[in-house]
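Secondary and tertiary structure notes
Here is what each chain is made of, one letter per residue.
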Amino acid sequence: MGRDRLARYDLAGQEGALAEEAGLTSGQWFRSDVPRKRMKELMRRSDQPAIRDTAIWLGLMVVGGGLGAACWIAGGLWGWLAVPGFLVYGVLYGSSGDSRWHESGHGTAFRTRWMSNAVYQIASFMMMRDPTVWRWSHTRHHTDTLIVGRDPEIQVMRPARLAKLLANFFGLVDVPFAFRDLARHAAGRLKADEATFIPPTERPKVYRTARISLGIYLATGAVCVLTGSLLPLMFIGGPRIYGTFMHIVYGLTQHAGMGENVLDHRLNTRTVKMCRVNRFLYWNMNYHVEHHMFPMIPYHRLPELHEEIKHDLAPVYPSIWAAYRELVPAVLRQLKDQSYYVRRELPEGAPAFHEGQPAR
Amino acid sequence: MWIAACKAEDVDADDVIGIRHDGVDYAIFRSPEDEYYATAGHCTHERELLCDGLVMDGEIECPKHLGRFNYASGAAQGAPVLVDLRTYPTRVEDGVVYLEVS
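Overview of the structure. Keep in mind that this is a model prediction, so the values were computed, not measured.

Quick look at the overall build of chain B now. Within chain B, the regular secondary structure consists of zero helices and 10 strands. Its C-alpha atoms give chain B a radius of gyration of 12 Å, near enough to 13 Å, the size a compact globule of 102 residues would have. For chain B, the C-alpha atoms occupy an extent of roughly 40 × 30 × 20 Å along the three principal directions. Looking at chain B as a whole, 40% of its 102 residues qualify as buried. Partitioning the intrachain contacts of chain B with sequence separation of at least 6 by distance along the chain shows that 38% fall at a separation of at least 24.

Following this line, the structure appears as structure tokens:
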């Protein structure tokens with residue numbers, strides 16, 4: 001039964017066609033009314049915030065990685081100091097790489113195009129995501145957010161694959177699958193679902209990037225063998241396992257347990273208040289309703305956008321803990337009752353939810 | 001056929017507005033040098049009105065997936081937009097912007 005229901009999420013299956021018939025694909029999503037003049041202010045691009053944040057991000061990686069490597073090589077009691085060093089390096093690589101991938105992929109983080117592209121390529125490599133495949137995947141995610149059979153980025157299905165979700169706190173499913181995909185792409189082939197959203201003209205880029213990435217990983221493995229040390233893996237590839245847990249912690253707050261097949265981000269997405277450290281690591285993607293409603297707003301202007309439209313939104317979750325107190329029971333309940341989802345209450349006077357029609 | 005699209009002052013410099021004529025949407029652009037351009041109203045990637053997007057450096061960025069077009073030539077600037085935007089001739093007379101629609 002669970003397997004049958006999960007088949008609905010297959011992009012190459014029938015559910016996507018049903019969603020299209022129901023008018024749920026490429027739909028007109030609810031957007032708050034923001035005056036054009038204010039929207040232009042919020043959309044305005046600037047290099048400065050992202051250059052500052054990228055310098056801090058990479059700088060802290062140098063410090064954390066340097067400390068980790070020095071203590072690793074020194075060994076003995078000093079060796080234990082490698083743990084905090086690599087924890088810093090690993091989280092910045094394997095978790096913050098996700099938010100950097102996301103923001104630079106949208107092209108809003110920097111004003112200067114090459115800067116966005118450079119960070120996008122680096123962060124895609126860190127997160128073991130093909131930059132072309134995931135650009136198109138994320139494009140579809142924004143077109144058809146949580147539309148079953150259409151959205152390739154539904155992290156928590158109904159019923160949830162709990163073992164996979166938990167294993168991915170340490171990349172134990174994502175990483176092997178990433179290498180399988182790398183090998184497939186390097187051989188010049190795509191998966192059936194990838195072929196549904198990647199235009200033919202874009203495919204040669206996928207194959208080329210996979211061959212380069214595979215070459216880097218093979219070289220890293222060779223250095224490990226030649227030196228008889230795992231240290232190179234601690235820097236390249238390894239953080240996608242030992243430092244990736246925070247990107248799952250953040251990512252699950254976005255949509256888990258929320259409504260599917262609706263055309264209103266207020267119904268399928270959460271905005272969660274986070275402290276400055278988490279907002280730095282996550283590049284303000286905790287303002288996720290705002291991001292989905294207006295993807296052209298740079299991450300550093302999202303708090304202002306929130307103030308602009310909060311009268312239309314359900315109350316924000318005051319903390320990550322508050323979001324988890326809701327989403328964990330909801331996901332567990334969906335194991336038995338797949339019609340259940342978290343329904344938010346809108347403030348008085350806000351436009352009603354724009355729900356669309358269920359595909360089934 | 002030339003149609004009156006809008007007043008010249010309706011469009012801010014380095015910005016865009018949307019108009020609809022005979023059920024068809026168009027986007028009217030004004031460059032920082034006060035030149036006027038017109039394109040199809042919707043993105044070629046998905047049916048999204050471009051007049052809600054960001055105008056910057058001679059390009060219009062779609063508000064949904066942020067695909068970019070050169071608004072003078074209509075040329076798509078890369079993924080996710082791969083098909084050029086249709087453009088229309090414009091002229092300004094007595095403070096009114098006209099565009100030629102077929």
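Now for the sheet that holds strand β8 (residues 87-88) of chain B. Residues and elements named next belong to chain B. Strand order in this open sheet of four strands is β2-β3-β4-β8, and the pairing throughout is antiparallel. Unpaired on one side and paired on the other, β2 (15-21) and β8 mark the two borders of the sheet. Bridge count for strand β3 (residues 24-30) against strand β4 (residues 36-40) is five bridges, and the pairing is antiparallel. Opposite A27, over in β4, you have T39 as the bridge partner.

A separate point is the interface of chain A and chain B. Taken together, the contacts link 16 residues of chain A with 13 residues of chain B. The element best represented in the side of chain A that touches chain B is helix α8 (residues 131-143) of chain A, accounting for five residues. Of the residues assigned to the side of chain A that touches chain B, the class counts are five nonpolar, eight polar and three charged.

Core analysis: the largest hydrophobic core is formed by 86 residues, its most contacted members being V16(B), Y26(B), A27(B), I28(B), F29(B), A38(B) and I60(B). Among the elements that line this core, the one with the most residues is helix α5 (residues 82-94) of chain A, at six residues. When neighbours within four sequence positions are excluded, I60(B) is seen to be in contact with V16(B), A27(B), F29(B), L50(B), G53(B), V55(B), R68(B), F69(B) and Y71(B). Of all hydrophobic cores here, the second largest spans six residues; its members include V133(A), W136(A), I198(A) and V206(A).

Residue and element names in this part refer to chain A. Their axes nearest at 8 Å, the elements helix α6 (residues 96-106) and helix α7 (residues 113-126) cross at an angle of 145°. Judged by the twist between their axes, the crossing of α6 over α7 is left-handed. Contacts between α6 and α7 involve G97, R100, W101, S104 and G105 on the former and, on the latter, S116, V119, Y120, A123, S124 and M126. Its residues assigned to classes, the contact of α6 with α7 comprises five nonpolar, five polar and one charged.

Further remarks concern the sheet that holds strand β7 (residues 68-70) of chain B. Residues and elements named next belong to chain B. In space, the three strands of this open sheet follow the order β5-β6-β7, with antiparallel pairing throughout. Single-partner strands in this sheet number two, and they are β5 (54-56) and β7. Adjacent strand axes in the sheet meet at a mean angle of 25°, parallel and antiparallel pairs treated alike. For strand β6 (residues 59-61) and β7, the ladder comprises three bridges, and the chain directions are antiparallel. For I60, the partnering residue across the bridge sits in β7 and is F69.

Cut-off values and rules
Residues numbered from 1 in each chain as written. Chains lettered and ligands numbered in written order. Predicted model: local features only at pLDDT ≥ 70, side-chain atom pairs only at ≥ 80, totals over all residues. Helix = DSSP H or I, 4+ residues; strand = E, 2+ residues; numbered from the N terminus. Rg over C-alpha atoms; globule rule 2.2 N^0.38 Å. Buried ≥ 20, exposed ≤ 12 C-beta atoms within 10 Å, placed from the backbone. Contact = placed C-beta atoms within 7 Å. Pairing = 2+ DSSP bridges. Nonpolar A, V, L, I, M, F, W, Y, C, P; charged D, E, K, R; others polar. Core = buried A, V, L, I, M, F, W, Y, C linked by C-beta atoms within 7 Å. Axes fitted to C-alpha atoms, helices over the stretch in contact; angles between N-to-C directions. Left-handed = near helix turned anticlockwise from the far one by under 90°.

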